[in-house]
Amino acid sequence: MSHIKNLIPTTVNPDLQKERSSASFDVNEFAAWWQGGADKLELKRKIELAIFSDLEDGYGINHEYMSHEDLYNSTVKKVAEAAPKLKALQEKLNPGGKDIWPGCLFRVQSHGLFPANHPLATHITMFVDVIKGQGTPEQVEKWGTLAENCNIIGTYAQTELAHGTNVRGIETRADYDPRAGEFVLNTPNLKAYKWWPGGLGHTANHAMVVAQLYISGKHKGVQMFIVPLRDPETHMPLPGIDIGEVGKKLGMAAVNQGFLGLKNVRIPRTNMLMKYAKVERDGTFIASPASRVNYLTMVYTRCLIVNLNSSLLLQAATIATRYSAVRRQSPIEPDEAEPQIIDHVTQRLKLFPEIATGMAYDIAAKHMWELYDQTVLDANNGKFDRLPDMHIMSCALKVLCTTDSCAGIERLRLSTGGHGYHIAANLSNIYGNAVAAYTYEGENTVLLLQIGRALVKAWNSFKQGQRVSSAYGYFESSMRLKEFPKWNNSWQIIIQALQYTAAHKTRIAFENMSERIAAGQSQGVAANNTGIELTRAAEFHGRQFVCETFLNQITGPNAQNRSPALNKVLENVLELFLVQTVLNNLGEILRFVNLTDADLRSLQKRLEVSLEKLRPDAVAICDGFDYHDRVLNSVLGSYDGNVYPRIFDAAKRSTMNQRPVQKSFETYLKPLMKASL
């Protein structure tokens with residue numbers, strides 16, 4: 001309990017209030033647009049009022065002083081206590097929906113309810129959805145409801161100790177025994193142990209195990225199996241199950257990631273998910289109609305990752321921007337008072353591009369969900385032609401969003417100076433949550449190489465005059481040009497420059513890879529030696545998509561539903577994002593696009609002007625994201641802006657401050673001070 005709680009004012013910091021009063025647009029209109037409608041914004045605020053209002057003092061920081069084991073058990077208690085409240089709230093506010101239960105276990109509100117994360121997120125976001133998405137109607141009926149109600153708790157066990165992104169290389173094996181009508185699962189060696197699944201350590205009693213299927217010794221590809229792990233009453237591991245937690249990590253303290261070894265573990269035939277591929281009772285194997293259909297799970301998860309990391313970046317941007325409006329330092333004119341640090345242009349460059357980046361990826365994610373829903377609908381009707389493009393673009397978005405958000409969060413932490421280093425600023429926790437996504441669901445470089453190989457394959461088809469999908473439509477529009485058009489400073493010319501560069505980067509990668517193959521290198525060796533060019537082409541393929549999507553969403557037909565004032569602000573954000581994207585990638589763009597010195601100076605001027613235009617609206621834009629103080633959980637980013645009292649309050653909460661003298665003084669420190677060294 002803080003000894004200085006009464007020192008935190010109940011009023012808003014005047015500098016922060018001044019920022020809000022000077023905004024050029026209606027923050028509530030922005031918030032309603034950002035949430036997808038005024039009704040959704042109202043519901044969100046009702047939910048947060050209900051779930052956050054009764055949290056005890058110190059809820060967001062007390063866990064930082066717990067032991068690893070106590071933190072886990074405390075978090076399980078929080079989840080168990082929250083579950084019935086969330087279910088009841090769902091029935092009260094939105095019967096039949098899923099935005100509260102189970103939505104609040106993985107959406108942005110979970111950051112406030114479970115500040116150290118929690119071990120059921122993988123159960124909700126993957127185990128449940130994989131059953132519903134890839135199980136037969138009978139399997140969904142048997143397992144789906146149990147899982148949704150948390151009567152069973154599962155996880156998704158794909159990654160192994162020695163295999164991650166390369167799914168085809170996993171070693172866990174499922175052999176079908178036709179006499180018993182059962183699969184026999186084994187991890188044949190230590191390298192094959194499942195590693196990292198959330199909640200696996202001590203929480204889940206089932207796992208969706210991804211394994212190599214063998215029937216009569218013949219390999220039938222990678223399939224998914226529901227495997228019971230623990231006794232439903234005692235929670236003790238079942239025979240043949242070697243299970244535990246992997247230990248402490250950089251972040252995600254309470255997620256309870258685990259390991260899993262399997263030794264002759266038998267499960268019924270019907271425990272293999274069989275919506276697409278099937279194994280009959282006699283061992284007859286019916287292949288999936290599309291070899292990549294299992295990638296739907298990863299596409300789904302990668303869309304979630306883009307949602308998560310764009311939100312984490314915007315949370316960090318909100319914290320740093322509010323702090324920058326309160327913090328005063330370093331007079332611009334020697335004889336003047338210290339200004340708000342947000343008035344320093346260099347500080348704006350640290351803040352505003354991250355706001356724009358977070359918004360761009362969030363909007364791209366919304367578009368990807370629309371494409372995903374259509375892809376699932378098509379798959380359910382036996383049409384799988386969208387899958388390859390959906391897989392590639394979800395890879396690109398996942399890579400770019402996690403890369404840019406992680407770098408952005410760290411820049412934002414650095415922008416807050418020494419106070420950002422404090423755990424109570426919450427920037428380190430935000431970073432720890434975000435940076436994990438750089439690796440899980442596909443390590444970023446490996447994914448870029450996958451994209452690059454798809455690009456050169458598409459380029460080969462394009463060069464042979466074959467039709468390519470719309471995802472590669474910019475190949476033709478770019479190669480029709482004998483040279484790039486004169487730079488006219490429009491947004492469209494920026495998109496065209498990115499697409500032109502992407503097309504030529506793909507062309508060069510294709511040509512160099514082809515030369516290596518012609519010189520006698522195998523396809524695999526040539527691809528490996530062309531890896532740098534492949535990854536850069538892949539990056540530009542993703543960036544042109546994000547920029548074009550952002551442009552279309554801000555300036556397209558939906559703009560008619562927004563006020564001129566809001567549209568002007570959004571166009572300022574778009575301008576900053578597009579200009580910054582060009583400036584950050586000039587080294588590649590200048591290789592193909594002839595920009596004059598005047599063009600480059602113009603881009604620099606546009607950057608500076610966009611930073612100036614966003615200055616009076618920056619705090620209000622962050623307010624428009626509508627992050628609850630419990631979600632931000634930051635002494636630097638609280639809505640009231642009372643930074644210094646909150647920093648002091650957090651310091652007083654340290655368990656070491658509960659006694660004036662630590663026990664080590666008499667035992668060690670005092671003798672050291674008395675000794676003659």
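The rules we used
Residues numbered from 1 in each chain as written. Predicted model: local features only at pLDDT ≥ 70, side-chain atom pairs only at ≥ 80, totals over all residues. Heavy atoms only, no water. Helix = DSSP H or I, 4+ residues; strand = E, 2+ residues; numbered from the N terminus. Rg over C-alpha atoms; globule rule 2.2 N^0.38 Å. Buried < 20%, exposed > 50% of the residue type's maximum accessible area, 1.4 Å probe, protein only. Salt bridge = Lys/Arg side-chain N within 4 Å of Asp/Glu carboxyl O. Phe/Tyr/Trp six-rings, centres within 6.5 Å; stacked < 30°, edge-to-face > 60°. Lys NZ or Arg CZ within 6 Å of the ring centre and 35° of its normal. Axes fitted to C-alpha atoms, helices over the stretch in contact; angles between N-to-C directions. Parallel < 35°, antiparallel > 145°, perpendicular 65-115°, else oblique. Contact = heavy atoms within 4.5 Å. Nonpolar A, V, L, I, M, F, W, Y, C, P; charged D, E, K, R; others polar. Core = buried A, V, L, I, M, F, W, Y, C linked by side-chain atoms within 4.5 Å. Pairing = 2+ DSSP bridges. Patch = residues over 30% accessible without salt bridge, like charges linked within 9 Å, V, L, I, M, F, W, Y side chains within 5 Å. Areas by Shrake-Rupley, 256 points an atom, 1.4 Å probe, with all protein chains shown as cover. Expected span 1.5 Å × (residues − 1). Polar contact = N/O pair within 3.5 Å; in protein donor to acceptor, adjacent residues only side chain to side chain.

Caption draft 1: Fine view of the overall build of the protein. Check the secondary structure of the protein and you find 23 helices and 11 strands. In terms of overall size, the protein behaves like a compact globule, its C-alpha atoms giving a radius of gyration of 27 Å where 677 residues would be expected to give roughly 26 Å. C-alpha extents for the protein along the principal axes are approximately 85 × 75 × 65 Å. Looking at the protein residue by residue over its 677 residues, the buried ones come to 54%.

Caption draft 2: The pattern of salt bridges, seen in detail. In the structure shown here, the tally under the stated rule is 38 salt bridges. Two residues, glutamate 148 and lysine 132, come together in a salt bridge whose shortest N-O distance is 3.0 Å. Of the two residues, glutamate 148 sits in helix H7 (residues 137-148) while lysine 132 sits in helix H6 (residues 121-134), which places them 16 residues apart along the sequence. In this structure glutamate 148 comes out as partly exposed when scored by relative accessible area, which is 26%.

Caption draft 3: Structural detail: the packing of aromatic side chains. A complete count under the given rule lists 22 aromatic pairs for this structure. The interplanar angle of 55 degrees and the centroid separation of 5.1 Å between the aromatic rings of tryptophan 34 and phenylalanine 625 together place this pair among those described as tilted. One end of the pair, tryptophan 34, is in helix H2 (residues 27-35); the other, phenylalanine 625, is in the loop between helix H20 (618-624) and helix H21 (629-632), with 591 residues separating them in the sequence. A network of ring pairs unites the aromatic residues Phe25, Phe30, Trp33, Trp34, Phe625 and Tyr627 as a single cluster. The residue whose ring lies beneath arginine 20 is tyrosine 639, and the NZ or CZ to ring-centre distance is 3.6 Å. Looking at lysine 78, its charged tip hangs above the ring of tyrosine 59, at a distance of 4.2 Å from the centre.

Caption draft 4: Structural context of the packing of helix H12 (residues 444-463) against helix H16 (residues 531-555). One way to put it is that H12 packs onto H16 with a least axis distance of 7 Å and a crossing angle of 85 degrees. Taken together, the axes of H12 and H16 are roughly perpendicular relative to one another. Residues Thr445, Leu448, Leu449, Ile451, Gly452, Arg453, Leu455 and Val456 of H12 lie in contact with H16, whose contacting residues are Gly531, Leu534, Thr535, Ala537, Ala538, Glu539 and His541. Residues that form the contact of H12 with H16 fall into these classes: eight nonpolar, five polar and two charged.

Caption draft 5: Spatial organisation of the nonpolar core. Counting residues in each nonpolar core, the largest one holds 152 residues, and the members touching the most others are Met359, Ile621 and Phe625. For this core, the element with the highest residue contribution is helix H8 (residues 295-326), accounting for 16 residues. Those residues in contact with isoleucine 621 that sit more than four places away from it in its chain are Phe25, Phe30, Ile355, Met359, Val569, Val573 and Leu614. With 24 residues, the next largest nonpolar core counts Leu229, Leu260, Met274 and Val279 among its residues.

Caption draft 6: Focus on the pairing of strand S3 (residues 182-186). Note that strand S2 (residues 173-177) and S3 share five bridges and pair antiparallel. Within S3, the residue paired with arginine 173 across the bridge is asparagine 186. Connecting S2 to the next strand, S3, in antiparallel fashion are four residues, including glycine 181 with a positive phi near 65 degrees. Across four bridges, the pairing between S3 and strand S9 (residues 265-268) is antiparallel. By the bridge assignment for S9, glutamate 182 is matched with proline 268.

Caption draft 7: Expanded view of a nonpolar patch on the surface. Taken together, the side chains of Leu669, Leu672, Met673 and Leu677 make up a nonpolar region of the molecular surface, amounting to roughly 490 Å² of accessible area. Tracing the sequence through the fold places methionine 673 in helix H23 (residues 664-674).

Caption draft 8: Broad picture of the sheet that holds strand S7 (residues 241-245). Reading across the sheet, the three strands line up as S4-S8-S7 and stay open at both edges, with antiparallel pairing between neighbours. With one partner strand each, in any of the chains shown, strand S4 (194-195) and S7 form the two edges of the open sheet. Note that S7 and strand S8 (residues 258-262) share five bridges and pair antiparallel. Each residue of the ladder has a partner; that of glycine 244, found in S8, is phenylalanine 259.

Caption draft 9: Summary view of the pairing of S2. The pairing of S2 with strand S5 (residues 206-215) spans four bridges and is classified as parallel. Bridge pairing in S5 places alanine 174 opposite leucine 213.

Caption draft 10: Summary view of H16. Helix length check: H16, at 25 residues, gives a terminal C-alpha distance of 36 Å against a target of 36 Å (1.5 Å per residue), a fit within 8%. Across the 25 residues that make up H16, a large majority, 19, are buried.

Caption draft 11: Main features of the environment of histidine 344. Relative to the helices and strands, histidine 344 is located in the loop between H8 and helix H9 (345-380). Separated by 251 residues in the primary sequence, histidine 344 and leucine 93 place their C-alpha atoms 45 Å from one another. Sequence-distant contacts of histidine 344, that is, excluding residues within four places in its chain, are made with Gln329, Ser330, Ile332 and Pro339. For histidine 344, the side chain forms a polar contact with the main-chain oxygen of serine 330, separated by 3.0 Å.

Caption draft 12: Structural view of the environment of glycine 133. Relative to the helices and strands, glycine 133 resides in helix H6. Overall, the relative accessible area of 30% leaves glycine 133 in the partly exposed class. Through-space distance from the C-alpha of glycine 133 to that of serine 638 is 40 Å; in sequence the pair is 505 residues apart. Look past the residues within four positions of glycine 133 in its chain and what remains in contact with it is Lys275 and Tyr276.

Caption draft 13: Region of the structure containing the side chain of asparagine 433. Position of asparagine 433 relative to the elements: it lies in helix H11 (residues 427-436). With near-sequence residues (within four places) excluded, asparagine 433 lies in contact with Asn117, Met252 and Leu312.

Caption draft 14: Spatial organisation of the side chain of asparagine 13. By the secondary structure assignment, asparagine 13 is in the segment before helix H1 (14-21). Judged by relative accessible area, which is 15%, asparagine 13 ranks as buried. Aside from chain neighbours lying at most four places away, what touches asparagine 13 is Val326, Asp640, Gly641 and Asn642.

Caption draft 15: Up close: the packing of H12 against helix H14 (residues 491-518). In the contact formed by H12 and H14, the axes pass within 9 Å of each other and the chain directions differ by 90 degrees. In terms of orientation, H12 and H14 fall into the roughly perpendicular class. In this structure, H12 uses Leu455, Val456, Trp459 and Asn460 to contact H14, whose residues at the interface are Ala503, Thr506, Arg507, Ala509, Phe510 and Met513. Partitioning the contact of H12 with H14 into residue classes produces seven nonpolar, two polar and one charged.

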